[in-house]
Amino acid sequence: MNRYSPLPAFAIALIAVTATGCAAPQTSGTDAVPPVIEHIHGVAADPNSENLFVATHGGIFTLTPEGALAGLIGGYDFDAMGFTVLDDALLASGHPGTQTPAELGSPNLGVIRSDDFGETWSPIALTGTTDFHTLTAGPDGTLYGIASDGVDLLISTDNGREWNRGATLAAADLAATNDGLYAAAEEGLLLSTDNGASFAPVADAPLLYALDVRPDGTLAGVGTDGALWSQNTEGTWQRLDPLQGAAQAFTAIGDDSFVVVDDRGIVQIAPDDTTVLAPVR
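Residues numbered from 1 in each chain as written. Predicted model: local features only at pLDDT ≥ 70, side-chain atom pairs only at ≥ 80, totals over all residues. Heavy atoms only, no water.

## Concerning the sheet that holds strand β5 (residues 59-63)
Within the open sheet, the four strands sit side by side as β3-β4-β5-β6. Their pairing is antiparallel. Strands with a single pairing partner mark the edges of an open sheet, and in this sheet they are β3 (40-45) and β6 (69-70). Here strand β4 (residues 52-56) pairs with β5 via five bridges, running antiparallel. Note on β5: the bridge partner recorded for F53 is T62. (Pairing = 2+ DSSP bridges. Helix = DSSP H or I, 4+ residues; strand = E, 2+ residues; numbered from the N terminus.)

## Some points on unusual backbone geometry
The residue after G71, namely L72, is reached through a cis peptide bond having omega 0°. Mapped onto the elements of the fold, L72 is located in the loop between β6 and β7 (79-86). P107 follows S106 through a cis peptide bond whose omega is 5°. Counting through the fold element by element, P107 comes out in the loop between β8 (89-95) and β9 (111-114). In this model, D87 sits at a positive phi of 55°, which is unusual for a non-glycine residue. By secondary structure assignment, the location of D87 is in the loop between β7 and β8. Overall, the relative accessible area of 66% leaves D87 in the exposed class. (Buried < 20%, exposed > 50% of the residue type's maximum accessible area, 1.4 Å probe, protein only.)

## Comments concerning the packing of aromatic side chains
Across all of its chains, the model carries five aromatic pairs by this definition. Ring geometry for F132 against W163: centres 4.9 Å apart, planes inclined by 35°, an arrangement best described as tilted. One end of the pair, F132, is in strand β11 (residues 132-137); the other, W163, is in the loop between β13 (152-156) and β14 (164-168), and 31 residues separate them in sequence. Ring pairs connect the aromatic residues Y76, F78 and W121, which therefore count as one cluster. (Phe/Tyr/Trp six-rings, centres within 6.5 Å; stacked < 30°, edge-to-face > 60°.)

## Considerations on the side chain of S257
Structurally, S257 can be placed in the loop between β23 (249-252) and β24 (258-262). Residues in contact with S257, not counting those within four places in the same chain, are A252, Q268 and I269. (Contact = heavy atoms within 4.5 Å.)

## Considerations on the pairing of strand β22 (residues 237-242)
Across four bridges, the pairing between strand β21 (residues 227-231) and β22 is antiparallel. Residue pairing in the sheet places W229 in a bridge with R239 of β22. Two successive antiparallel strands, β21 and β22, enclose a turn made up of five residues, where G235 displays a positive phi of approximately 95°.

## With respect to the sheet that holds strand β16 (residues 180-185)
Within the open sheet, the four strands sit side by side as β15-β16-β17-β18. Their pairing is antiparallel. Edge positions in the open sheet fall to β15 (171-177) and β18 (200-201), since each of these has one partner strand only. The pairing of β16 with strand β17 (residues 188-192) spans five bridges and is classified as antiparallel. Looking across to β17, one finds that Y182 is bridged to L191.

## Quick word on the environment of Q244
Along the polypeptide, Q244 turns up in the loop between β22 and β23. Look past the residues within four positions of Q244 in its chain and what remains in contact with it is D262, D263 and R264.

## Some details on the nonpolar core
Soluble globular proteins: nonpolar side chains tend toward being buried together. Within the largest apolar cluster, 16 residues are counted, with the highest numbers of intra-cluster contacts made by F53, I60, F78, F83, I112 and W121. Sequence-distant contacts of W121, that is, excluding residues within four places in its chain, are made with I60, Y76, F78, F83, L90, L91, A92, L104, I112, R113 and S114. Listed in part, the 15 residues of the second largest apolar core include I37, V43, V54 and V261. (Core = buried A, V, L, I, M, F, W, Y, C linked by side-chain atoms within 4.5 Å.)

Quick look at the structure:
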């Protein structure tokens, strides 16, 4: 899951979400309209379906492959600045909304967890004190994050309950593979092979601000040149489609299929087709 610096908000669908992150009430029946999303922080594949989770300023939503948007999941209106999927669990961080239960933490959520795909959430660590803007899970279940008020990499090997400090690292995004932990940093793509204790530059990589791991273990990302980039199994990078504006969020949902949130809305990009799943309204 991918975290970058906040970009100007845009709205998807028909009803407004307030600036406090509280969603407007949903209607039902024949007059039902899609929920509104204002500023998307991250997208991730639902491990239990073909849907996407959409982590926003006002809670978590779902998006079907046909473009049907639904939520808030569980009615939770927290600002999901950090969001990732670990096996069948969802983990998030950020700030409470106006209707967020007090036990999840304030002014920062720390790390919260859902074991029922967002229907309920529980605090598990750093409650009230920490706001992760970058949060990702590795293939071995290790969690990595960078808090909004620091530049130290934070690492958890017990599902987010205890966190240890790694290298000092100013990174826009993180992605973990079997080769190690990658970081999209101002100085270029970096790699740690010692579980985040130190990082070294990756030769011949594009300058990226978003990263994700494809199912085959290679990387893909969004470059500062405004285009998608993908890496082959030999480590060589290829420039793919240009985006429209900067990316708010990015994820790889297949070896050659990606979802990006840019000025068009939520967009799925495949080798022979680009589909706007949820357009900007």
